[in-house]
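Listed below are the residues making up each chain.
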Amino acid sequence: MLGNRVCFSLSTNGLALTEPTIDWICGHEKFLVNITVDGDEDMHDAHRVMVNGKGSYKTIINNSLIIKNNNAKEKEIYIKICYFFKILNDKNLLNDAQK
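Residues numbered from 1 in each chain as written. Predicted model: local features only at pLDDT ≥ 70, side-chain atom pairs only at ≥ 80, totals over all residues. Heavy atoms only, no water.

**Student:** Describe the pattern of salt bridges, naming the residues involved and giving the relevant values.
**Tutor:** In the structure shown here, the tally under the stated rule is two salt bridges. Between Arg48 and Asp38 there is a salt bridge, with its nearest N and O atoms 3.0 Å apart. Separated by 10 residues along the polypeptide, Arg48 in the loop between α2 (41-47) and α3 (57-68) and Asp38 in the loop between β2 (31-37) and α2 bring together distant segments of the chain. Using a relative accessible area of 18% as the deciding quantity, one classes Arg48 as buried. For the salt bridge of Lys58 with Glu41, the shortest nitrogen-to-oxygen distance reads 3.8 Å. Residue Lys58 is found in helix α3, and its partner Glu41 is found in helix α2; the two are separated by 17 residues along the sequence. (Salt bridge = Lys/Arg side-chain N within 4 Å of Asp/Glu carboxyl O. Helix = DSSP H or I, 4+ residues; strand = E, 2+ residues; numbered from the N terminus. Buried < 20%, exposed > 50% of the residue type's maximum accessible area, 1.4 Å probe, protein only.)

**Student:** Describe the sheet that holds β2, naming the residues involved and giving the relevant values.
**Tutor:** Taken in spatial order, the three strands make up an open sheet running β1-β2-β3, and their pairing is parallel. Every other strand in the sheet has two partners, leaving β1 (8-12) and β3 (77-83) as the edge strands with one partner each. The average undirected angle you get between the axes of adjacent strands in this sheet is 15°. In this sheet, β3 lies alongside β2 in parallel orientation, the contact comprising seven bridges. Looking across to β3, one finds that Phe31 is bridged to Ile77. Taken strand by strand, α3 contacts β2 and β3, and its axis lies near 160° from that of β3. (Pairing = 2+ DSSP bridges. Axes fitted to C-alpha atoms, helices over the stretch in contact; angles between N-to-C directions. Contact = heavy atoms within 4.5 Å.)

Here's what the structure looks like:
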């Protein structure tokens, strides 16, 4: 193990990316952050509401940009945003698809 580089990865909904967590991530040389998002902003916010009742899309995107702008390129820190579409959970979309 001596002399080998270790790559860490983390999967998150993006809300856990607080300032201390981002500082910890950016303190590593090689890191992959997988962030899950439920479609575009409107669809995501309809399914992922924070405790204050507001959608979480903008917070998640802003958190990922903080990582990107924190020397991520120089340290091989990668951000992968995975978009998921929950058509079956949205009755209006499901009804429209059946027409």
